[in-house]
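# A closer look at the structure
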Amino acid sequence: MHEQDTEGVKIGLEVHCQLTSLATKLFCSSPSDYRGKPPNTNICPVCIGTPGSLPVLNRKAVTHAAMIALALNFKIPERMLFFRKNYFYPDMAKNFQITQYDRAGGVPFATDGHITLDSGKRIRIGRMQLEEDPAKLSYDGTIESSTQTFVDYNRAGITLVEIVTDPDFESPREAREFLNKLSSILEHLSVSDLNLEGSVRCDANISMAGGRRVEVKNISSFKEVERALNFEITRQRSLTSKGIKVMQETRHWDEIRRITISLRLKEEEQDYRYFPEADLVPVTLTKQFVQDVKKGMPEMPEERAKRFQKDYHLSGETAQILVREKALADFFEEAAKHSKDARQLGSWLAVDLQAYLNEYGKSLEELKLTPKHFAEMANMVSSGEVSRGAAKTAFVEMLKTGRMPRSISEEKGLKVISDTGFVESLIDKIFSENPQAVQDALKDPKAVNFLLGQIMRATKGRVDPAVANRLVRERLAAAKGSK
Ligand SMILES: [Zn+2]
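Before going into details, it helps to say that this report is about the structure given with it. (Residues numbered from 1 in each chain as written. Predicted model: local features only at pLDDT ≥ 70, side-chain atom pairs only at ≥ 80, totals over all residues. Heavy atoms only, no water.)

### Brief notes about the overall build of the protein chain
Scanning the protein chain from N- to C-terminus turns up 17 helices and 15 strands. Relative to the 2.2 N^0.38 estimate, which gives 23 Å for 483 residues, the radius of gyration of the protein chain is 30 Å and therefore markedly larger than a compact globule would have. Summarising its shape, the C-alpha atoms of the protein chain cover approximately 105 × 55 × 40 Å along the three principal directions. Buried residues in the protein chain amount to 47% of all 483 residues. Counting only contacts in the protein chain whose residues sit at least 6 apart along the sequence, the fraction spanning at least 24 positions is 68%. Carbon and sulfur atoms make up 51% of the accessible area of the protein chain, which amounts to about 24,600 Å² in all. (Helix = DSSP H or I, 4+ residues; strand = E, 2+ residues; numbered from the N terminus. Rg over C-alpha atoms; globule rule 2.2 N^0.38 Å. Buried < 20%, exposed > 50% of the residue type's maximum accessible area, 1.4 Å probe, protein only. Contact = heavy atoms within 4.5 Å. Areas by Shrake-Rupley, 256 points an atom, 1.4 Å probe, with all protein chains shown as cover.)

Here's what the structure looks like:
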């Protein structure tokens, strides 16, 4: 991606993440699995707020949110309250959203968390809230030109965790790294399937030196965030360069056209008239509860990277790349069971495979390869059967066809040649074709490299270099002796 000048840039993120691991919604027993259902069939009186219906808090939602809070180094207050955020908008039938609030006596689910980037820089996450998802709106045509809006309440009431960072990012790249780490943590916790459509949404606020704060809403995947931010930096810089002031406003990210569009100019914070949700009693999260959640936590990506370094002797960098996606880390560990050289294996997966996937815009799942493919690849190289250079040919062929690397190597004749008889006859040929080079090599040891180079060239680098070196020097020594 195009790198730009990011001086004076300040970015903050607000991430909404559905807890797709839950069977039911946050305050009722309607199923969490709303996707693919006909509109307005996955609802009950509670989630559409008919008179007399009462919310009941989903206990598992609290446990899963606590796992996220602990993984993100948050403090969890002992008392948990819900607030009503009042607004008139068709995406909440009851005209308020049950959420949490950090003012008026309210406390968020958790406070003062952080994620540390690879550079050691700490990104502060001020608060995390538990709240219900609103309904999904759709338009006929684009958001700007539509004359009709459709409302589907199937999603209303789904459990959301809202994570709000401080404006600590100084570039879109840092924001991407943060989101990569966050998504790996959520994957390792198995609380949210980020591949499901609509399971994450992101808002980003961005300001540049001397400019006002612009908020970009509705970024529907982590991958799009960096793109939207890069667009905004270019847009704001171009305004400033023409002497136009950047206004404080809310903009929408249009994924198809890859631009942001102005939604509304914001004069001041909207007043949602928050007040405590009287239908839900305050919940006490005891120290014992937090301890129990902590004990039940699976291994997190940072710990896993450390274990990879220790158990498999990987470099810190390789380990970090492997744990960036849980699926890749799992794949590596499975392959390591079949491999004699985990370090070699780690480098094929973290370096060569990643380069290929980036170049062709593919994912590991799409390649339909098994851990055994990569284990065999690593074994072939570490045993000296194939040189790393020649192995690269087999590797690319393996990724393209799904064939096992050894059979590719055999078919393409990639095996290292250490058969001395063959190498001897090759030396005969090279020496007779290059008499001057042989004369030079007899006088100057450095000139031997030319002859070795000819041997490698004739075999496309497949001759075992140690064998070639030894035999060429023996032959030269014999020629000197017979003079
Ligand atoms: Zn319901």
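Now that the structure has been shown, we can carry on.
### Some details on the pattern of salt bridges
For the coordinates displayed, the defined rule picks out 39 salt bridges. A salt bridge links glutamate 302 to lysine 181; its shortest N-O distance comes to 3.5 Å. Highlighted residues: glutamate 302 in helix 6 (residues 301-312) and lysine 181 in helix 3 (residues 172-189), separated in sequence by 121 residues. With relative accessibility at 13%, the residue lysine 181 sits in the buried group. Here glutamate 433 ties to lysine 429 by a salt bridge, and the two come within 3.5 Å at their closest N and O atoms. With glutamate 433 and lysine 429 both in helix 14 (residues 420-433) and four residues apart, this pair spans about one turn of that helix. The exposure class assigned to glutamate 433 is partly exposed, which follows from its relative accessible area of 49%. (Salt bridge = Lys/Arg side-chain N within 4 Å of Asp/Glu carboxyl O.)

### Topic: the coordination of the zinc ion
Note on the zinc ion: its protein donors are Cys28 (SG), Ser30 (OG), Cys44 (SG) and Cys47 (SG). The metal-donor distances range over 2.2 to 2.3 Å. In primary sequence terms, the donor set of the zinc ion follows C-x1-S-x13-C-x2-C. Of this pair, serine 30 sits in the loop between strand 1 (10-18) and helix 1 (45-48) while cysteine 44 sits in the loop between strand 1 and helix 1, and the two are 14 residues apart along the sequence. The exposure classification of serine 30 matches that of cysteine 44, with both residues buried. (Donors = N, O, S within 2.8 Å, 3.2 Å for Na, K, Ca; no water.)

### Some details on the pairing of strand 9 (residues 159-165)
Across the seven residues that make up strand 9, a large majority, seven, are buried. Neither face of strand 9 is exposed, since Thr159, Val161, Ile163 and Thr165 on one face and Leu160, Glu162 and Val164 on the opposite face are all buried. Relative to strand 9, strand 6 (residues 122-132) runs antiparallel, the two sharing seven bridges. Considered in strand 9, the bridge of arginine 127 is made with valine 164. (Pairing = 2+ DSSP bridges.)

### Structural notes on the side chain of threonine 318
Position of threonine 318 relative to the elements: it lies in helix 7 (residues 316-323). Exposure remark for threonine 318: the relative accessible area of 13% places this residue in the buried category. In this view, threonine 318 contacts Gly346, Ser347 and Ala350; residues no more than four positions away in its chain are not counted.

### As for the packing of helix 7 against helix 9 (residues 342-360)
Running from N to C, helix 7 and helix 9 cross one another at 70 degrees; their axes reach a closest spacing of 9 Å. If you check the angle between helix 7 and helix 9, you find them roughly perpendicular. Judged by the twist between their axes, the crossing of helix 7 over helix 9 is left-handed. For the pair helix 7 and helix 9, the contacting residues are Thr318, Ile321 and Leu322 in the first and Gly346, Ser347, Leu349, Ala350 and Gln354 in the second. Its residues assigned to classes, the contact of helix 7 with helix 9 comprises four nonpolar, four polar and no charged. (Axes fitted to C-alpha atoms, helices over the stretch in contact; angles between N-to-C directions. Parallel < 35°, antiparallel > 145°, perpendicular 65-115°, else oblique. Left-handed = near helix turned anticlockwise from the far one by under 90°. Nonpolar A, V, L, I, M, F, W, Y, C, P; charged D, E, K, R; others polar.)

### Digging into the packing of aromatic side chains
Applying the stated rule across the entire model yields 14 aromatic pairs. Plain terms: the ring middles of phenylalanine 308 and tyrosine 312 are 5.6 Å apart, the flat faces sit at 75 degrees to each other, and that makes the pair edge-to-face. Here phenylalanine 308 pairs with tyrosine 312, and both are found in helix 6, just four residues apart, close to one helical turn. Residue classification places tyrosine 312 among the buried residues on the basis of a relative accessible area of 17%. Seen from their ring centres, phenylalanine 331 and phenylalanine 374 are 5.4 Å apart, and the 80 degrees between their planes marks the pair as edge-to-face. Of the two residues, phenylalanine 331 is situated in helix 8 (residues 326-337) and phenylalanine 374 in helix 11 (residues 371-382); the sequence distance between them amounts to 43 residues. In this structure, lysine 85 packs its charged tip against the face of tyrosine 272, placed 4.3 Å from the ring centre. Looking at arginine 475, its charged tip hangs above the ring of phenylalanine 431, at a distance of 6.0 Å from the centre. (Phe/Tyr/Trp six-rings, centres within 6.5 Å; stacked < 30°, edge-to-face > 60°. Lys NZ or Arg CZ within 6 Å of the ring centre and 35° of its normal.)

### Comments concerning the sheet that holds strand 14 (residues 275-276)
Read from one edge to the other, the open sheet built from three strands follows the order 4-3-14, with strand pairing classed as antiparallel. Two strands bound the open sheet, and with one partner strand each, they are strand 4 (96-99) and strand 14. Bridge count for strand 3 (residues 83-86) against strand 4 is four bridges, and the pairing is antiparallel. The residue bridging arginine 84 from the neighbouring strand is isoleucine 98, located in strand 4.

### Some details on the nonpolar core
Formed by 70 residues in total, the largest nonpolar core has its most connected members in Leu13, Ile68, Phe109, Met128, Phe178 and Leu182. Counting 39 residues, the second-largest nonpolar core is a separate cluster that includes Leu345, Val381, Phe395 and Met398. (Core = buried A, V, L, I, M, F, W, Y, C linked by side-chain atoms within 4.5 Å.)

### Some points on the sheet that holds strand 6
Taken in spatial order, the eight strands of this open sheet run 5-6-9-1-10-11-12-13, and their pairing is mixed. Looking along the sheet, the strands with just one partner apiece sit at the ends: strand 5 (110-116) and strand 13 (259-265). Taking the axes of each pair of neighbouring strands and ignoring which way they run, one obtains an average angle of 25 degrees across the sheet. Where helix 2 (residues 59-71) meets the sheet, its contacts fall on strand 5, strand 6 and strand 9, and the angle it forms with strand 6 comes to roughly 175 degrees. Where helix 3 meets the sheet, it contacts strand 1, strand 5, strand 6, strand 9 and strand 10 (200-207), and its direction lies at approximately 25 degrees from that of strand 1.

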